[in-house]
Amino acid sequence: MATAKKSDEQVVAIDGHRLTLTHLDKVLYPETGTTKAEVIGYYSAVAEAMLPHIRDRAATRKRWVNGVGTEKVPGLMFFQKDLDDSTPAWVKRRTIEHKDHDNEYPLVNDLATLTWLAQIAALEIHVPQWRFGPKGAKRNPDRIVLDLDPGPGAGLPECAEVARVVRVILQGMGLDPMPVTSGSKGIHLYAALDGAQTTEQVSAMAHELARSLEADHPELIVSDMKKSLRQGKVLLDWSQNNGSKTTVAPYSLRGQTHPMVAAPRTWKELESKTLAQLDFTQVMARVKKDGDIMGGIDRLRTYRSKRNATKTPEPVPAGRARPSKGQTFVIQEHHASHLHWDFRLEHDGVLVSWALPKGVPTDYQKNHLAVQTEDHPLEYGSFEGDIPKDEYGGGRVDIWDAGTYELEKWRDGEEVIATIHGTKHGTHRYALIYTGGEGKADKNWLIHLTKDQP
């Protein structure tokens, strides 16, 4: 909810808190013309994905009150740790005692606080690898982070190569690392911990890991921060596991000349020769499509967004899809606004789905259109019933055939070849081939009954 206050101000209500937003048309990134309003919009768009990674952590802010400036004339930046008197009373906070003073830090636990930080041009949010407990005590770290920082003559490809090396070692230790391109030059690797080790123990482990990898790959990796040693190599910075240090948070903007982001990536992306840092528009689109890939891609996100569990008899699971090894299929006859058949194959914990306006082909010389739709939950494989008329896909659904399939080829977004063994219509071998183009045609495939049948 928003109400006008002055021509350059807007009062909004977020999470039950009133917040005054000012100078929304102020340009914070001059080289791209990105305004404060766009920065606030970005953090609002990624909040659901970002907040779990920064919740209950002491947040240090890097602020560019007058914008980041240009490459020739950089803007003035300052770190802010302690909260000042202008901080809204509703912002949650915790105190950290130092030798000669205490600092009061904000906890960025909700959209209102994240929006307030964007309002004061705190573009970068940095947090430690540990959290506060309910009563303010420091807990043991719940994650380890390794910062892969390229030296002169090295770049993102070398960081990706080191990341793959580190991944093998961490997996051998029972850890499952996730990469984050830093939004600057390098890559951060995060792996969840069970909280059994102290900060000192985790830091020592990270240091030993870095030294060991340097010894095994001296031509590529360096663990010493001396700049003279980093030519053509990647610094494996282990030091950010120190309890008093912080790392730029996943999904945080960066104070570069362009609005780049510390962006979670997939391991498949790190194999690409065109791997590059991502800006805020790219990250917003990714989050809208896949949610937080750092917590695993939520492949049922789109499915859930189109259905109201209180109005439709369709299965609407609340959680993410879990990996599965089954190879089931179902073809459902769907009397929606237009009669069609839904062809679904179990893959990676979901039913990957195509709508067939003319059903499965019965002649190998005549291919049929197959329009890829959202992934469906595995429970949908046994669904039959009437979807209410006013709901998405309203109409009668019946199982036309179901059973198991043998997979020959699965290339995401390109081609699938499988032999289905149906309980009603027997065994057939089909090929699904992507033919998509622009606009609505982007989802178009064709389904082909192969000439060579089992």
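The rules behind each value
- Residues numbered from 1 in each chain as written.
- Predicted model: local features only at pLDDT ≥ 70, side-chain atom pairs only at ≥ 80, totals over all residues.
- Heavy atoms only, no water.
- Salt bridge = Lys/Arg side-chain N within 4 Å of Asp/Glu carboxyl O.
- Helix = DSSP H or I, 4+ residues; strand = E, 2+ residues; numbered from the N terminus.
- Buried < 20%, exposed > 50% of the residue type's maximum accessible area, 1.4 Å probe, protein only.
- 1 Å grid on protein atoms, 1.4 Å probe; cavity = no way out; pocket = protein on both sides within 12 Å on 5 of 7 lines; lining within 4 Å.
- Points joined across faces, edges and corners; volume = space filled by probe spheres on them.
- Nonpolar A, V, L, I, M, F, W, Y, C, P; charged D, E, K, R; others polar.
- Axes fitted to C-alpha atoms, helices over the stretch in contact; angles between N-to-C directions.
- Parallel < 35°, antiparallel > 145°, perpendicular 65-115°, else oblique.
- Left-handed = near helix turned anticlockwise from the far one by under 90°.
- Contact = heavy atoms within 4.5 Å.
- Phe/Tyr/Trp six-rings, centres within 6.5 Å; stacked < 30°, edge-to-face > 60°.
- Core = buried A, V, L, I, M, F, W, Y, C linked by side-chain atoms within 4.5 Å.
- Pairing = 2+ DSSP bridges.

Enquirer: Sorry, what's going on with the pattern of salt bridges here?
Expert: Side chains carrying opposite charge are able to pair once their charged atoms draw close together. One pass over the structure, following the stated rule, counts 23 salt bridges. Residue glutamate 208 pairs with arginine 211 through a salt bridge whose shortest N-O separation is 3.2 Å. One end of the pair is glutamate 208 and the other is arginine 211, both in helix 4 (residues 199-216) and 3 residues apart, which spans about a single turn. For lysine 306, the salt bridge is made with glutamate 374, and the minimal N-O distance between the two is 3.7 Å. Of this pair, lysine 306 sits in the loop between helix 7 (301-305) and strand 20 (328-335) while glutamate 374 sits in the loop between strand 23 (368-372) and strand 24 (385-387), and the two are 68 residues apart along the sequence. Take glutamate 374: its relative accessible area is 9%, and that puts it in the buried class.

Enquirer: What's the story with the layout of surface pockets in this structure? I'm lost.
Expert: Over the atoms a probe the size of a water molecule is rolled, and this reveals where empty space is left. The calculated volume of the second largest pocket comes to roughly 550 Å³. Contributing to the lining of the second largest pocket are 27 residues, with Asp147, Asp149, His188, Gln240 and Arg254 lying nearest its centre. Counting only elements with at least two residues in the lining of the second largest pocket, the list comes to strand 10 (122-127), strand 11 (143-150), strand 15 (234-237) and strand 16 (247-248). A per-element tally of the lining of the second largest pocket places strand 11 first, with 4 residues. Partitioning the lining of the second largest pocket into residue classes produces 7 nonpolar, 11 polar and 9 charged.

Enquirer: Would you mind showing me how to read the packing of helix 1 (residues 36-54) against helix 2 (residues 111-119) here?
Expert: Each pair of packed helices gets described by two things: the angle between the helix axes and the distance between those axes. For the pair helix 1 and helix 2, the least separation of the axes is 9 Å and the interaxial angle reads 150°. When the axis of helix 1 is compared with that of helix 2, the two are roughly antiparallel. Helix 1 and helix 2 meet at a crossing whose hand is right-handed. In this structure, helix 1 contributes Lys36, Val39, Ile40, Tyr43, Ser44, Ala47, Met50 and Leu51 to the contact, and helix 2 contributes Leu111, Leu114, Thr115, Ala118 and Gln119. For the contact of helix 1 with helix 2, the residue count by class is 9 nonpolar, 3 polar and 1 charged.

Enquirer: Looking at this structure, I do not really get the packing of aromatic side chains. What am I missing?
Expert: In this description, an aromatic ring pair is defined by two values, namely the gap between the centres and the angle between the planes. On inspection of all chains with the given rule, the structure shows 10 aromatic pairs. An aromatic cluster is present here, built from Phe343, Trp354, Trp410, Tyr430, Tyr434 and Trp445 joined pairwise through their rings.

Enquirer: Looking at this structure, how should I read the nonpolar core?
Expert: In summary, soluble globular proteins display a tendency toward joint burial of nonpolar side chains. Membership of the largest hydrophobic core comes to 41 residues, with the highest contact counts inside it found for Tyr42, Tyr43, Met50 and Val283. Those elements giving two or more residues to this core turn out to be strand 2 (9-14), strand 3 (17-22), strand 4 (27-29), helix 1, helix 2, strand 10 and helix 6 (280-290). Among the elements that line this core, the one with the most residues is helix 1, at 10 residues. Non-local contacts of methionine 50, meaning those with residues more than four positions away in its chain, are made with Tyr43, Leu114, Ile125, Ala249, Pro250, Tyr251 and Ser252. If you look at the next biggest cluster of nonpolar residues, it comprises 28 residues, including Ala163, Leu209, Ile221 and Leu275.

Enquirer: Looking at this structure, how should I read the environment of alanine 13?
Expert: With respect to the secondary-structure elements, alanine 13 resides in strand 2. Residue class for alanine 13 comes out partly exposed when judged on its relative accessible area of 33%. Put simply, alanine 13 and aspartate 224 are 211 residues apart on the chain and 48 Å apart in space, counted from C-alpha to C-alpha.

Enquirer: Would you mind going over the sheet that holds strand 7 (residues 78-80) with me for this structure?
Expert: The strands making up a sheet associate through hydrogen bonds between their backbones, and the pairing can be parallel or antiparallel. Strand order in the open sheet made by the 4 strands is 7-6-10-16, with antiparallel pairing throughout. Each edge of the open sheet is held by one strand with a lone partner, namely strand 7 and strand 16. Bridge count for strand 6 (residues 60-63) against strand 7 is 3 bridges, and the pairing is antiparallel. Within strand 7, the residue paired with arginine 63 across the bridge is phenylalanine 78.

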